[in-house]
Amino acid sequence: MDRRHFISLATAGLATLGSSRFFTAHALEVGERTLRTVSDGTLQLPPEFIFGPMPHDELGAILARYDVDPTASLTPPCNITVVQDGERTILFDAGAGDNFQENVGNLVDALDHIDIAPEDVTHVVFTHGHPDHLWGILDDFDDLLFSEAIHMMGQAEHAYWTDPATIERIGDARAAFAAGAKRRLETLEGEVVLFEPDEEILPGITAVSTPGHTPGHMAFRISSGTDQAMIVGDAIGNNHVAFERPEWPSGSDQDMVMAARTRVTLLDELVADKTSLVGFHLPDGGIGDVVADEENGYRFVSRPVAD
């Protein structure tokens, strides 16, 4: 942790169309690389989407510690990670675009706030194929938004979403996810660079298999000497139950048993290696650390924007 330090960039920007919208960038230095997160917006989810399969007799006490109403809609943030190394501008996931939910799809404005235009992006690397991570690759005209970028996805994840049978097998609740993913990946047909777990996909960036949320979900280890951070995507999907009770099933995961095993292993590794993490749906920009808690499993300690 000695060479990694938190940089806060907290300034307000005006959005288009006359409405006020404020963007904040959070950053972490990993060796010579700068890792930043910007917001694509916030989702709106019914509480049962996550809490449904959990033991409700124990759930209430955990949520109370975080001031979460178990009956109210959940509004998780969507943090897009940007890594720059002097040669490359790499996006991890592409946001939701304009065709998923009302309060997401802000990525272009958020990138503009840190002086990055879509054509400046050299690589788009996907953790997985859900709408809030993939659908933003297309613009309003169904053309590639990041037109100069190389798009990269894990082999297993790509095979899953491009398989016509997935739409039939995934279930009614997620059938639109499958159809939307297939259409967008077909736009990239022949141009997606596929990779396997444990592969160094770009200098200092290694793919880490974290299945369960989706079949081929990937996290990414960013390394430079002794400095490292882990982009975990949706393998750790919230800052409360996922940390305190990582072994519990979450309704947001497609394979709940496998995802729980992945969470437990991942949290153990992050603590043992003293590795900072970046979570797509974690608060305060998603950058923080995992702390072991003797009473309540683990805790997420975020690095909020400084005053």
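The preceding data block contains the structure.
Below you will find a few notes about this structure. (Residues numbered from 1 in each chain as written. Predicted model: local features only at pLDDT ≥ 70, side-chain atom pairs only at ≥ 80, totals over all residues. Heavy atoms only, no water.)

## As for the nonpolar core
Formally: Residue types Ala, Val, Leu, Ile, Met, Phe, Trp, Tyr and Cys, when buried and joined through side-chain atoms within 4.5 Å, form a set referred to as a nonpolar core. For every residue, the accessible area (1.4 Å probe, protein chains only) is compared with the maximum for its type, and the residue is labelled buried under 20%, exposed over 50%, or partly exposed between those bounds. In this text, helices come from DSSP runs of H or I with a minimum length of four residues, and strands from runs of E with a minimum of two, each type numbered from the N-terminal end. In this description, contact between two residues means that some pair of their heavy atoms is separated by no more than 4.5 Å.
By size, the foremost hydrophobic cluster in this structure holds 46 residues, and its most contacted members are Val38, Phe51, Leu91, Leu111, Val124, Phe146 and Val241. Contributing elements (two or more residues each) for this core: α1 (48–51), α2 (56–65), β4 (77–84), α3 (107–113) and α7 (175–187). Top element by residues in this core is α7. It accounts for 4 residues. Not counting the four nearest positions on each side in its chain, Val38 is found in contact with Thr24, Ala25, Cys78, Asn79, Ile80, Val82, Leu107, Ala110, Leu111 and Ile114. In this structure, Ile90, Val125, Ile201 and Val278 belong to the second largest nonpolar core, which totals 20 residues.

## Observations regarding the sheet that holds strand β9 (residues 200–202)
Heads up, the rule is: At least two bridges found by DSSP between two strands is the condition for calling them paired. Lines fitted to the C-alpha atoms define the axes, with helices restricted to the stretch that makes contact. Angles between their N-to-C directions range from 0 to 180 degrees.
Spatially, β9-β10-β11-β12-β13-β14-β15 is the arrangement adopted by the 7 strands of the open sheet, whose pairing is mixed. The sheet is open, and its two borders are formed by β9 and β15 (297–302), each paired with just one other strand. Across this sheet, the average inter-strand angle for adjacent strands is 35°, counted without regard to direction. The pairing of β9 with strand β10 (residues 205–209) spans 2 bridges and is classified as antiparallel. In the strand pairing of β10, Glu200 is matched with Thr206.

## A short note on the packing of aromatic side chains
Our working definition: The rule is short: rings of Phe, Tyr and Trp, with Trp giving its six-membered ring, pair when the centres are within 6.5 Å, and they are stacked under 30 degrees, edge-to-face over 60, tilted in between.
All told, the structure shown has 6 aromatic pairs when counted by the stated rule. Both rings, one in Tyr160 and one in Trp161, keep their centres 4.8 Å apart while their planes meet at 80°; by these two values the pair is edge-to-face. Its relative accessible area of 1% is what places Trp161 among the buried residues. Consider the rings of Phe195 and Phe220, whose centres lie 5.9 Å apart with planes at 70°: the pair is edge-to-face. One end of the pair, Phe195, is in strand β8 (residues 192–195); the other, Phe220, is in strand β11 (residues 218–224), with 25 residues separating them in the sequence. What makes Phe220 buried here is its relative accessible area of 0%.

## Structural notes on the pairing of strand β3 (residues 33–42)
The element β3 is largely enclosed, with a buried count of 7 among its 10 residues. Note: strand β2 (residues 24–30) against β3, 5 bridges, orientation antiparallel. Considered in β3, the bridge of Val30 is made with Arg33. Joining the antiparallel neighbours β2 and β3 is a turn of 2 residues, in which Gly31 adopts a positive phi near 60°. For β3 and β4, the ladder comprises 8 bridges, and the chain directions are antiparallel. Bridging across to β4, Leu35 finds its partner in Val83.

## Let's talk about the packing of helix α5 (residues 155–162) against α7
Stated formally: Under this scheme an angle from 65 to 115 degrees is roughly perpendicular, one under 35 degrees roughly parallel, and one over 145 degrees roughly antiparallel; angles in between are oblique. Classification used: nonpolar for Ala, Val, Leu, Ile, Met, Phe, Trp, Tyr, Cys and Pro, charged for Asp, Glu, Lys and Arg, polar for all others including Gly.
Axis separation between α5 and α7 bottoms out at 8 Å; the angle between their running directions is 110°. Here α5 is positioned roughly perpendicular relative to α7, judged by the angle of their axes. Counting all contacts with α5, which are made through His158, Trp161 and Thr162, the residues of α7 involved are Phe177, Ala178, Ala181, Lys182 and Leu185. For the contact of α5 with α7, the per-class residue count stands at 5 nonpolar, 2 polar and 1 charged.

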